[in-house]
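Spelled out, the chains give:
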Amino acid sequence: MNRDGHIRVLPLHVANKIAAGEVVERPASVVKELVENSIDAGAANIKISVSGGGRKLVSVSDDGSGMTRDDALLSLERQATSKILDVGDIENIDTLGFRGEALPSIASVSRFTLTTRRRDSDEGTEVAVNAGILAGVRSAGCPPGTHVEVRDLFCNVPARKKFLRAYSTEESHIKHVFTQTALSHPSIGFSLWSDGRETYRLAPADSSGERMRGLFGESCLDGAARLSGECGEVEIDGWIQLPGASTAGWRDQYVFVNGRPASSPSIAHALRETYPRKPGDARPAVVMFIRLPPGKVDVNVHPAKREVRFRDNAAVKEAIALAVHAALSGAAPVRNHPASSGASFPPAADEAADAVFQGAAGSRLPSFATTQLAVPPARLQMLPSQTTIEFAVDPSSTASKPWKWFKFLSTTDSGYILIETDSGMVTIHPQAARERLAYEAVLARDGGSVESQELLLPETVRLSPADASCVAEALPELRKAGFAIDEFGRDVFKIDAVPSIAQAASAAQILSTVARDLAEPGRRRAGSRWKEEAVARSVARSCAGMALAADEAGATKLVEELASCRMPYVCPSGRPTMIFTSNAELARKFSRG
Ligand code: ADP
Ligand code: MG
């Protein structure tokens, strides 16, 4: 992007390639175009004022780059833009505006004033345009940045003016644009004034979560889970409402593609298919940021409605499915290639899953909408394409129980637990099940902290400086999880007790797993509990090596406890705890179905 103030007139062939669209539909579109220009100009703070639902006045002030007098005049010519030079640039746009038609279009249907000053000039420029006719250019004393005032929108287009709705309707459109823009640019400070009253003041924020609290209220994230995941070149980030939970002050779905508000049938489809909804449920509240290389998305499909077209719809859908499933299962952000587990016996859950899935090849794969998550799609992707995984869902309970009844059958020589349920046979991976139990026990709020086991001799652990600083930051969470731990000098920690469920692993091992988990590149440090979750995951992983449920009583207890978990189907790192083989599938396989 070019912030040096040199505006280029688009060559005609570029202009022709860009679909011409109606830029100004209503006052909210003026707000959107002006604010986007301010963002493109590198503003740190943007103030928006409207009156009469934006019909009387829309004004936007920023502290961005500002313009020279020449550029200010040029910016009002059609197809004058400083943002693209050539056709090729259209494929890789990283600024919000690029058509060079907003300012001239707005100025042609309003009483328009642009006041602007570059930081390095002593004086600014004011340009006034009256319904498309240049009314005056003069020097002006003004702060660095740009201030645009748009009065009497559609003053010369009575037909359009008549089409505008009641103040309150126009105001709600403006509020929607404001919300979208503020959400996608948390680091910029925004304020919105309406009829002389300040309705929002949003300080620059560090994260989308903080920005959401500013917009929707402090408790808006209480019933939400962090969305995070990546699949190939597609990255997903954001927040989603948990099923049945309330997200005070935040009800809508906000989706952004590379920072722009966007919609696309494939995004809507992926959300519908992956989110468990009962008939009559409202759509979940979502704030979702999708990032992918600019060349992989066509943003120019619909200039006003923001519909985008992806070159690879399947990758986008899969990334959304991964992120939604991981968020709802409370698992770690799922990546396309999950790191393999170090456990040696029984086979790591993913190997086990593959083994069972291979046996099931030959039948169909039901859609996510009719099944509950038992296998995260990260695994599904690697399965033989024709595989059946069916899950029992009790449509009257919100938290889906895996079965109505079960009967213990056996523990196999290879270490799996086999049970029969009302809907079929289930193979359970005891290690994965234990990890899920340990994870939920550590995170349980009402049960207080988990039991700790004092060590006979306190253990001192020396960590690398990087690991030590991660662990030092997570001391409160470690203590809550059952560790008695203190800093004992530079990079050294003294441990007097460990959570009883994790006794088998050495404290040093757990601490370095915690440090690695906390420092993992790409891990999003958001959500009030992300450190607790990282500690819980590490503790859960260190349950490896505990005696497995060899006898019927132990296995039955494990199965019962697993079934009452909040998310029984996956271990904390998102791999399956159980594999279903439904009665219907068995009948089909025996050619009796
Ligand atoms: P586009 O944003 O598509 O380039 P616009 O008509 O919205 O077209 O703006 C034309 C040009 O005017 C921009 O390319 C930019 O160089 C300049 N401009 C507009 N608004 C601002 C602003 N707030 N601060 C600095 N420059 C601006
Ligand atoms: Mg623009």
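As a starting point, this report considers the structure included with it. (Residues numbered from 1 in each chain as written. Chains lettered and ligands numbered in written order. Predicted model: local features only at pLDDT ≥ 70, side-chain atom pairs only at ≥ 80, totals over all residues. Heavy atoms only, no water.)

**Focus on the overall build of the chain**
Phase 1: Looking only at helices and strands, one finds 19 helices and 25 strands in the chain.
Phase 2: The buried share of the chain, reckoned over its 593 residues, is 52%.
Phase 3: Long-range contacts, defined as pairs at least 24 residues apart, comprise 69% of the intrachain contacts of the chain with a sequence gap of at least 6.
Phase 4: Of the accessible surface of the chain, which amounts to about 26700 Å², a share of 51% is contributed by carbon and sulfur atoms. (Helix = DSSP H or I, 4+ residues; strand = E, 2+ residues; numbered from the N terminus. Buried < 20%, exposed > 50% of the residue type's maximum accessible area, 1.4 Å probe, protein only. Contact = heavy atoms within 4.5 Å. Areas by Shrake-Rupley, 256 points an atom, 1.4 Å probe, with all protein chains shown as cover.)

**Brief notes about the pattern of salt bridges**
It is possible for side chains of opposite charge to pair when their charged atoms get near one another.
Phase 1: One pass over the full model with this rule turns up 15 salt bridges.
Phase 2: Residue E170 pairs with R26 through a salt bridge whose shortest N-O separation is 3.0 Å. Of this pair, E170 sits in helix α7 (residues 167–184) while R26 sits in the loop between α1 (12–17) and α2 (27–40), and the two are 144 residues apart along the sequence. No difference in accessibility class separates E170 from R26, as the two residues are buried.
Phase 3: Of the charged contacts, one joins E561 and K557 as a salt bridge, the two residues approaching to 3.2 Å between their closest N and O atoms. Of the two residues, E561 and K557 both sit in helix α18 (residues 552–563), four residues apart, roughly one turn of that helix. (Salt bridge = Lys/Arg side-chain N within 4 Å of Asp/Glu carboxyl O.)

**Regarding the packing of aromatic side chains**
Phase 1: A complete count under the given rule lists seven aromatic pairs for this structure.
Phase 2: Three or more aromatic residues joined by ring pairs form one cluster here, namely F178, F190 and Y200.
Phase 3: Its end group placed over the ring of W193, K47 keeps NZ or CZ at 5.0 Å from the ring centre. (Phe/Tyr/Trp six-rings, centres within 6.5 Å; stacked < 30°, edge-to-face > 60°. Lys NZ or Arg CZ within 6 Å of the ring centre and 35° of its normal.)

**A look at the sheet that holds strand β23 (residues 484–487)**
Phase 1: The strand order β22-β24-β23 describes an open sheet built from three strands, whose pairing is antiparallel. Edge positions in the sheet fall to β22 (452–462) and β23, since each has one partner strand and no second. Within the sheet, the average angular offset between the axes of one strand and its neighbour, ignoring direction, is 15°.
Phase 2: Relative to strand β24 (residues 492–499), β22 runs antiparallel, the two sharing seven bridges. Across the sheet, the residue bridging to R462 is V492, located in β24. (Pairing = 2+ DSSP bridges. Axes fitted to C-alpha atoms, helices over the stretch in contact; angles between N-to-C directions.)

**Here we look at the pairing of strand β2 (residues 45–51)**
Within a regular strand, the side chains alternate between the two sheet faces.
Phase 1: Here β2 lies mainly inside the structure; five of its seven residues are buried.
Phase 2: Here β2 runs beside strand β9 (residues 189–194); their pairing, made up of six bridges, is parallel. Looking at β9, one finds that K47 is bridged to S191.
Phase 3: Here β2 folds back onto strand β3 (residues 57–62) in antiparallel fashion, the turn holding five residues, of which G52 has a positive phi close to 60°.

**Focus on the nonpolar core**
Phase 1: One finds I48, F112, F190 and W250 to be the most contacted residues of the largest nonpolar core, which totals 52 residues.
Phase 2: The leading source of residues in this core is α2, at six residues.
Phase 3: Membership of the second largest hydrophobic core comes to 34 residues, among which are Y439, F493, A502 and V539. (Core = buried A, V, L, I, M, F, W, Y, C linked by side-chain atoms within 4.5 Å.)

**Points about α7**
Phase 1: Over its 18 residues, α7 extends 26 Å from the first C-alpha to the last, a length consistent with the 26 Å expected when each residue adds 1.5 Å.
Phase 2: If you check which residues of α7 are buried, you get E170, I174, V177, F178, T179, Q180, T181, A182, L183 and S184. (Expected span 1.5 Å × (residues − 1).)

**What to know about the packing of helix α13 (residues 430–443) against α18**
Between two packed helices, the angle of one axis relative to the other and the distance separating the axes together describe the packing.
Phase 1: Running from N to C, α13 and α18 cross one another at 50°; their axes reach a closest spacing of 10 Å. For the element pair α13 / α18, the angle class is oblique. Judged by the twist between their axes, the crossing of α13 over α18 is left-handed. Residues P430, A433, R434, R436 and L437 of α13 lie in contact with α18, whose contacting residues are L558, E561 and L562.
Phase 2: Of the residues contributing to the contact of α13 with α18, the split by class is five nonpolar, no polar and three charged. (Parallel < 35°, antiparallel > 145°, perpendicular 65-115°, else oblique. Left-handed = near helix turned anticlockwise from the far one by under 90°. Nonpolar A, V, L, I, M, F, W, Y, C, P; charged D, E, K, R; others polar.)

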